[in-house]
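Descriptive analysis of the structure
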Amino acid sequence: MKKDIGIYLMIFCFILCNNVYPKSPLNLQKIATISGHAPGDEFGRPVKNVGDINNDGYPDLAIGYGRYPDCPDTNRTRCNRIDIYYGGDTLDIIPDLTFWDAINIWGNMDLNGDGYIDLVARYSTYFDIGMIKVFLGPENGPDTTADFTRYGEYYYHQFGREISSGDINADGYDDLVVAAPFDDIAAYGRVYVFFGGDPFDLEPDWYYQSEVEFACYGESVACGDLNADGYADFMVGSPHDLSDKPGRIYIYSGGDTLTTMPDFLYEAPNPYSYLGRKMEYVSNWNDSDYGMVLAGWIITEGYRTDVLKLSGSAVFDSLHTEIIYNNYDPYDQSFFIWFAQGYFNNDGYKDIIVSGGSGESKKMYCYLGESDLFNPDTTIALDDTNTLSFSLSNSIDLNNDKTDELIFLRRINPDDPYTRTYNIDIYSNNPFPVSNSAIDRHSDSYQPNGFTLKPNYPNPFNNSTNIHFYLPQADQIQITIYDILGGKLHC
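The rules behind each value
Residues numbered from 1 in each chain as written. Predicted model: local features only at pLDDT ≥ 70, side-chain atom pairs only at ≥ 80, totals over all residues. Heavy atoms only, no water. Pairing = 2+ DSSP bridges. Helix = DSSP H or I, 4+ residues; strand = E, 2+ residues; numbered from the N terminus. Axes fitted to C-alpha atoms, helices over the stretch in contact; angles between N-to-C directions. Salt bridge = Lys/Arg side-chain N within 4 Å of Asp/Glu carboxyl O. Buried < 20%, exposed > 50% of the residue type's maximum accessible area, 1.4 Å probe, protein only. Phe/Tyr/Trp six-rings, centres within 6.5 Å; stacked < 30°, edge-to-face > 60°. Lys NZ or Arg CZ within 6 Å of the ring centre and 35° of its normal. Core = buried A, V, L, I, M, F, W, Y, C linked by side-chain atoms within 4.5 Å. Contact = heavy atoms within 4.5 Å.

**Some points on the sheet that holds strand S12 (residues 162-166)**
Strands sit in the order S12-S13-S14-S15 across an open sheet of 4 strands; the sheet is antiparallel. The open sheet has two free edges, formed respectively by S12 and strand S15 (206-209), since each of these has just one partner strand. Within this sheet the neighbouring strands show an average axis-to-axis angle of 15°, counted without direction. For strand S14 (residues 190-194) and S15, the ladder comprises 4 bridges, and the chain directions are antiparallel. In the strand pairing of S15, Val191 is matched with Tyr208.

Take a look at the structure:
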């Protein structure tokens, strides 16, 4: 069964922006829609900016399926997969690379210091032990053959549920922070740090398991330089999902050596707060040299969903904390469920967009740089009468024009998991061309210098696959297909 991909080039903007403060306007236009494969396939789980993995100067987009129906293993009716879409001057919405059975994927890291982006993907296992695979980025572009594999240590650990990266010991190599927040005993949770290097390995250089029952230590992790000392710090969320204890955020300072004693600890002011279920590191906010952390949620007795804002400083004892909430609807329990950061309105300042509300009242709240995050500059209402569920998924500068695109996940028939369909909508403040053919990714006049054969999609495949190749001029060709044992199938 072939996948039909719809492209919708929009003249009119389907996002309505209500400006509150006079800043550079946010005039988003939909430039493309990528449709899921079949109803119920959970297309859009996950959506990630993985960086420039094919070394062409353009960031690349990963979009996953939670329940893809046409699996390489015909004994299975559903499977996970993640497709990679290469960025370019012209956006090509045909996938270029597929990772079968991958649940989640992370990029934008260089673990072995060779100058190429590496990928880390999480895979499911029996009894939810968890497994990650590391794909080191080669000079001639990525492949789907893992260079390293590591499993979790025991049942239901969910090793690799959350991953972050940064140069924690400032040695020129990115380091890997991997969480395993659960177990079959009392959900203690544990986090591993693997230092990058050449050669790289998956033997942990730092490890800590919570001593508190039901802490769920590691349900969120983040990495970045909070105190501007040149070392990336790492943050661990511990929401205490299954207990009456308040959630916590642990911050560990980067350095030449690491300890298991946090340099900063924030505890939510009330039990059942679930602080630490979600966490985001933000750099360059208000042009500051110090990083910022946003952590959700702090659920108060009045069921108000607040967000912890933790602003960096030179000294960890002086980290400034504030609790922010949705001024438009203080009791909005969906505030901060979806989040994106980037440069959206062409003014050169980092922006933040968070979601709130649900159903017809769903809105996106935009903080367009130079903001205290208490009053949004713009609210975005999603004007689509055929859709009851619309979520902000991520941001990425697909065409490298210094303005980030916003990625939205749209669900139709959201209340029925069997007929629910999924679409990815891509919006930009600076619209640019879209194509469903890889041949004109970088320009309408693209001419290859020689013969190029792209990876087929999907691969492996059952009855059909797509093969893209380029020729500098018209000529006769012969394509031969082999099975995994080297036997010729078709010529």
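**A look at the sheet that holds strand S22 (residues 305-311)**
Either a parallel or an antiparallel arrangement is found when strands of a sheet pair, and the pairing is made through backbone hydrogen bonds. Taken together, 4 strands build an open sheet; the order of strands is S20-S21-S22-S23 and the sheet is antiparallel. Single-partner strands in this sheet number two, and they are strand S20 (278-282) and strand S23 (320-324). The mean angle between the axes of side-by-side strands here comes to 25°, regardless of whether they run parallel or antiparallel. Across 7 bridges, strand S21 (residues 292-299) lies against S22 in antiparallel orientation. Counted as the bridge partner of Ile298 is Asp306 from S22.

**A look at the pattern of salt bridges**
Once the charged atoms of two side chains with opposite charge are near each other, the side chains can pair. Considering all chains together, one arrives at 10 salt bridges under this definition. Residues Arg248 and Glu267 are paired through a salt bridge, measuring 2.9 Å at the closest nitrogen-oxygen approach. Of this pair, Arg248 sits in strand S18 (residues 248-252) while Glu267 sits in strand S19 (residues 264-267), and the two are 19 residues apart along the sequence. For Glu267, a relative accessible area of 40% corresponds to the partly exposed category. In this structure, the salt-bridge partner of Arg410 is Asp425, at a minimum N-O distance of 2.6 Å. One end of the pair, Arg410, is in strand S29 (residues 405-412); the other, Asp425, is in strand S30 (residues 421-428), and 15 residues separate them in sequence. Here the two residues Arg410 and Asp425 agree in accessibility, since each one is buried. Counted as one network, the salt bridges with shared partners bring together Lys30, Arg410 and Asp425.

**A closer look at the packing of aromatic side chains**
Taken as a whole and assessed by the stated rule, the structure comprises 20 aromatic pairs. Ring centres 5.4 Å apart and planes at 80° place the aromatic pair Phe148 and Phe200 in the edge-to-face group. Here Phe148, found in strand S11 (residues 148-151), pairs with Phe200, found in the loop between S14 and S15; they are 52 residues apart in sequence, far enough to count as distant. Look at Phe148 and you get partly exposed, because its relative accessible area is 24%. Judged by its relative accessible area of 5%, Phe200 is buried. Between the aromatic rings of Phe336 and Phe339, the centroid separation amounts to 5.6 Å while the plane-to-plane angle is 65°, which identifies the pairing as edge-to-face. Owing to a relative accessible area of 7%, Phe339 belongs among the buried residues under this scheme. The ring of Tyr68 carries the charged tip of Arg81 above its face, separated from the ring centre by 4.2 Å.

**A short note on the pairing of S14**
Counting buried positions along S14 gives 5 out of 5 residues, so the element sits mostly inside the fold. The side-chain alternation of S14 yields two buried faces, one formed by Arg190, Tyr192 and Phe194 and the other by Val191 and Val193. Looking at chain direction, strand S13 (residues 175-180) and S14 are connected through 5 bridges and run antiparallel. Its bridge partner being in S14, Val177 is matched across the sheet by Val193.

**Here we look at the nonpolar core**
In this structure, Ile34, Phe43, Leu61, Ile63, Leu91, Ile424 and Ile426 are the most contacted members of the largest nonpolar core, which totals 24 residues. It is strand S4 (residues 60-68) that provides the largest number of residues to this core, a total of 4 residues. Leave out the neighbours within four places in its chain, and Ile63 touches Ile34, Phe43, Gly44, Pro46, Val47, Arg81, Ile82, Asp83, Tyr85 and Ile424. Of all hydrophobic cores here, the second largest spans 18 residues; its members include Leu226, Met235, Ile298 and Leu308.

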